[in-house]
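Understanding the architecture of this molecule
Residue-level listing of the chains:
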Amino acid sequence: MVYNELKLRIMNLDLPPGASLSEKEMALAFDVSRTPVRESFVRLAQEGLVHVLPQRGTKVALIDPAYVEEARFMREQLEKAVIRLACVSFPEEQLLQLKHNLMLQEESMEKHDGKQMFELDEAFHRTLFEGCQKLGIWSVMQQMNAHLNRSRRLWLNASSDWRHLYKHHQQMAAYIEAQDGERAEALMQEHLSLSITDLEVLRAQYSEYFIPASSEVKKKC
């Protein structure tokens, strides 16, 4: 419970990159002993979401652009393949789920609810994998998406216009229904490349949330 709640808060940016985490304060907040909090910190550290610093406490990890690009590359390759499969054969039940999801996305845009929009975006892509019977691959992908998903969540907070995101999803559903694999694959590549284009804007606007450029150079060396 502690792990799931902490991860949710980190992914939703309620605990932003760089925030300090106190084992004692979290134990009091969740009304548990320190042991489950400590174990949760270890799990989150293994996923790259926190850094446990000896004698200095625990901090939410800054967003690493290198990990964002790595996760985006993986998603691009896998999701292009999946949408190709979807255009060959896709169950009616999942197609209806995509269309219902699009209706909810419209509502989210009207309310400008970034949290709901992010969840619907995730659900839309997950449904593609579900319809192609590839949910195991989706689960593996999620293990590498921590930095990418936080940058996407940050973009939804920063942007006032999500229409192109919605239109891409709308076109994907239409291409699947028309069994137009070539256009669907090209659109998926364009769709996922947006996260890198947006990343540079976010780094300029929220520099305190990202690892410094000097740290990136040291890692490459």
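Right, let's walk through the structure included here. These figures come from a predicted structure and were not determined experimentally.

A count of helices and strands for the protein chain gives 11 helices and three strands. Each helix and strand of the protein chain, placed in order from N terminus to C terminus, yields the pattern α-β-α-α-β-β-α-α-α-α-α-α-α-α. For a compact globule of 221 residues, the expected C-alpha radius of gyration is about 17 Å, and the protein chain comes in at 19 Å, within 12% of that figure. If one aligns the C-alpha atoms of the protein chain with their principal axes, the spans along those axes are about 60 × 40 × 35 Å. Accessible area of the protein chain: about 11,800 Å², with a carbon and sulfur share of 52%.

Turning our attention to unusual backbone geometry. The phi angle at leucine 13 is positive, at roughly 70°, despite the residue not being glycine. If you trace the backbone, leucine 13 turns up in the loop between helix H1 (2–11) and strand E1 (20–21). Relative accessible area serves as the criterion here: at 12%, leucine 13 is assigned to the buried category. At glutamine 179, a position not held by glycine, the phi torsion is positive, near 60°.

Let us now look at empty space enclosed by the protein. Applying the stated criterion to the full structure yields one cavity of 30 Å³ or more. In this structure, the largest cavity spans a volume of roughly 280 Å³. Residue lining of the largest cavity: 17 residues in total, with Asp121, Arg152, Leu165, His191 and Ser195 positioned closest to the centre. When residues of the lining of the largest cavity are traced back to their parent elements, those giving at least two are helix H4 (65–88), helix H6 (114–131), helix H8 (146–158), helix H9 (163–178) and helix H10 (181–205). In terms of residue count, H10 provides more of the lining of the largest cavity than any other element does, six residues in total. Partitioned by chemical class, the residues of the lining of the largest cavity number seven nonpolar, five polar and five charged.

Let us now look at the state of the cysteines. Tallied over the full model, the rule gives zero disulfides. Distance from the sulfur of cysteine 87, which forms no disulfide, to the nearest cysteine sulfur (cysteine 132) is 8.7 Å. In this structure cysteine 87 comes out as buried when scored by relative accessible area, which is 5%. Classification of cysteine 132 as buried rests on a relative accessible area of 11%.

Vacant regions in the atomic arrangement are exposed by a probe of water-molecule size rolled over the atoms. By volume, the largest pocket amounts to about 250 Å³. Lining the largest pocket we find 13 residues, and of these Met11, Phe118, Glu122, Gln142 and Asn149 sit closest to its centre. Those elements that place two or more of their residues in the lining of the largest pocket are H1, H6 and H8. For the lining of the largest pocket, the class distribution of residues is four nonpolar, five polar and four charged.

Cut-offs used in this document
Once a new chain begins, its residue numbering starts again from 1 and follows that chain's sequence as written. pLDDT decides what is reported in this predicted model: residues at 70 or higher carry local features, side-chain atom pairs at 80 or more are listed and counted, and totals for whole chains, interfaces and linings draw on all residues regardless. Side-chain figures throughout are based on the complete set of non-hydrogen atoms in the structure, without hydrogens or water. Helix numbers and strand numbers start at the N terminus; a helix is a DSSP run of H or I with at least 4 residues, a strand a run of E with at least 2. When we talk radius of gyration, it's over C-alpha atoms, and the globule rule is simply 2.2 Å times the number of residues to the 0.38. Calculation of accessible area relied on Shrake-Rupley with a 1.4 Å probe; when residues are assessed, cover is drawn exclusively from the protein chains displayed. Three exposure classes are used, based on accessible area relative to the maximum for each residue type with a 1.4 Å probe and protein chains only: buried under 20%, partly exposed in between, and exposed over 50%. In this analysis, the protein atoms alone were mapped onto a 1 Å grid. Cavities are point sets where a 1.4 Å probe fits without being able to get out; pockets are open sets with protein on both sides within 12 Å along at least five of seven lines; lining residues have an atom within 4 Å of a point. Grid points are joined across faces, edges and corners, and a volume is the space filled by probe spheres set on the points. Residues were grouped as follows: Ala, Val, Leu, Ile, Met, Phe, Trp, Tyr, Cys and Pro as nonpolar; Asp, Glu, Lys and Arg as charged; and all remaining residues, including Gly, as polar. Disulfide: a pair of cysteine sulfur atoms within 2.5 Å of each other.

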